[in-house]
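What follows is the residue order along each chain.
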Amino acid sequence: MDGIAEERGLLSDLIRNALTDEIAAGTLSAGTALDEQDLADRFGASRTPVREALRQLAFNGLVELRPRRGVVVTRMTPERIMDMFEATAEFEAMCVRLATYRMTPLERSHLMDLHAQSEAMVEAGDVDAYDTLNRGFHEALYGATHNGFLLEQALALRTRLSGFRRTQLRHGERIRTSRTEHGEILAAIAEGDGDAAARRMRAHMLNAASAIGHYIAEHAGV
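The structure contained in this document is the topic of the report that follows. (Residues numbered from 1 in each chain as written. Predicted model: local features only at pLDDT ≥ 70, side-chain atom pairs only at ≥ 80, totals over all residues. Heavy atoms only, no water.)

**A closer look at the pattern of salt bridges**
Should the charged atoms of two oppositely charged side chains come close, the side chains can pair. For the coordinates displayed, the defined rule picks out 14 salt bridges. With its nearest N and O atoms 2.9 Å apart, the salt bridge here joins Arg176 to Glu123. Here Arg176 is found in helix H8 (residues 174-190), whereas its partner Glu123 is found in helix H5 (residues 105-124), with 53 residues between them in sequence. Judged by relative accessible area, which is 52%, Glu123 ranks as exposed. Taking the shortest distance from any N to any O, the salt bridge between Arg174 and Glu181 comes out at 2.9 Å. Of the two residues, Arg174 and Glu181, neither departs from the other in class, the shared state being buried. Among the charged side chains, a salt-bridge network with shared partners connects Glu36, Arg47 and Arg51. (Salt bridge = Lys/Arg side-chain N within 4 Å of Asp/Glu carboxyl O. Helix = DSSP H or I, 4+ residues; strand = E, 2+ residues; numbered from the N terminus. Buried < 20%, exposed > 50% of the residue type's maximum accessible area, 1.4 Å probe, protein only.)

Below, the structure written as structure tokens:
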């Protein structure tokens, strides 16, 4: 039973990621109805992982449930996405500043290990693997603040932007640049310079916002 549940989970992730990319690229435009059975047929899956993928997309604000229309793609303008990234940039800058002064040597070592592991993923161009590790990297920083409320709020913000944070890695050399920026943040942390780490995190997030903006523009009308 555990194996079946894990397989369904992996399939729902695959479906969710594919739909996220299509929503970000505009292939699935605002107001498009998403039918569970049609999606199940398309991905060669049962309706259970499709339903889970749609549930996750709804939680992230990318689709919504409408009476008599079922699941439809949410209207998400580039301006709205940029506003969300800007707010998240400030929040993550605050987190990394506090984490710089509060993290333990073990937590710092864990961040360094994650950064080292990401090199192979970047070289392979494995966006999905890097996205998973990238999420772990940022969440480790939230935890290193040792502030439960900040952790909760940071995770909530990240969830709202998770799809777009993944998709921006597909633009040009963004996946490689993202890893470089992580290294710069870690260097500031190692020097005990919370202000520098915060500035670099803010730039890191705003660069991600720029990448998703370019990705959306390049795929508009495709």
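**Brief notes about helix H2 (residues 36-43)**
Restricting attention to buried positions, one finds in H2 the residues Glu36, Leu39, Ala40 and Phe43. Projection of H2 onto a plane perpendicular to its axis shows the buried side chains occupying an angular sector of 105°, all on one side. Of the exposed residues in H2, the ones pointing more than 90 degrees away from its buried face are Asp38 and Asp41. Here H2 starts with a cap whose side-chain oxygen sits 3.1 Å from the backbone nitrogen of Gln37, and that cap is Asp35. (Arc of directions from axis to C-beta. Polar contact = N/O pair within 3.5 Å; in protein donor to acceptor, adjacent residues only side chain to side chain.)

**Focus: the environment of Thr77**
Inspection of the secondary structure puts Thr77 in the loop between strand E3 (70-73) and helix H4 (78-102). It is 9.8 Å that separates the C-alpha atoms of Thr77 and Ala24, two residues lying 53 residues apart in sequence.

**Considering H8**
Relative to the 24 Å expected for 17 residues at 1.5 Å per residue, H8 spans 24 Å between its end C-alpha atoms, a close match to the ideal helical length. By the burial criterion, the buried members of H8 are Arg174, Ile175, Ser178, Arg179, Glu181, His182, Ile185, Leu186, Ala188 and Ile189. Gly192 sits one or two positions beyond H8 and adopts a positive phi of about 75°. (Expected span 1.5 Å × (residues − 1).)

**Regarding the pairing of E3**
Two faces belong to every sheet, and in a regular strand the side chains alternate between them. Two elements, strand E1 (residues 33-34) and E3, share two bridges in a ladder whose sense is antiparallel. Along E3, the bridge assignment pairs Leu34 with Val71. Strand direction decides the pairing type here: strand E2 (residues 63-66) and E3, joined by four bridges, are antiparallel. In the strand pairing of E3, Glu64 is matched with Val72. Between E2 and the antiparallel strand that follows it, E3, lie three residues; Arg68 among them carries a positive phi value of about 70°. (Pairing = 2+ DSSP bridges.)

**Let's talk about the packing of H5 against H8**
Viewed as axis vectors pointing N to C, H5 and H8 meet at an angle of 160°, and their least axial separation amounts to 10 Å. Overall, the two elements H5 and H8 adopt an arrangement that is roughly antiparallel. At the point where H5 passes H8, the crossing takes the left-handed sense. For the pair H5 and H8, contact is made by Arg108, Leu111, Met112, His115, Ala116, Ser118, Glu119, Met121, Val122 and Glu123 and by Ile175, Arg176, Arg179, His182, Gly183, Leu186 and Ile189, respectively. (Axes fitted to C-alpha atoms, helices over the stretch in contact; angles between N-to-C directions. Parallel < 35°, antiparallel > 145°, perpendicular 65-115°, else oblique. Left-handed = near helix turned anticlockwise from the far one by under 90°. Contact = heavy atoms within 4.5 Å.)

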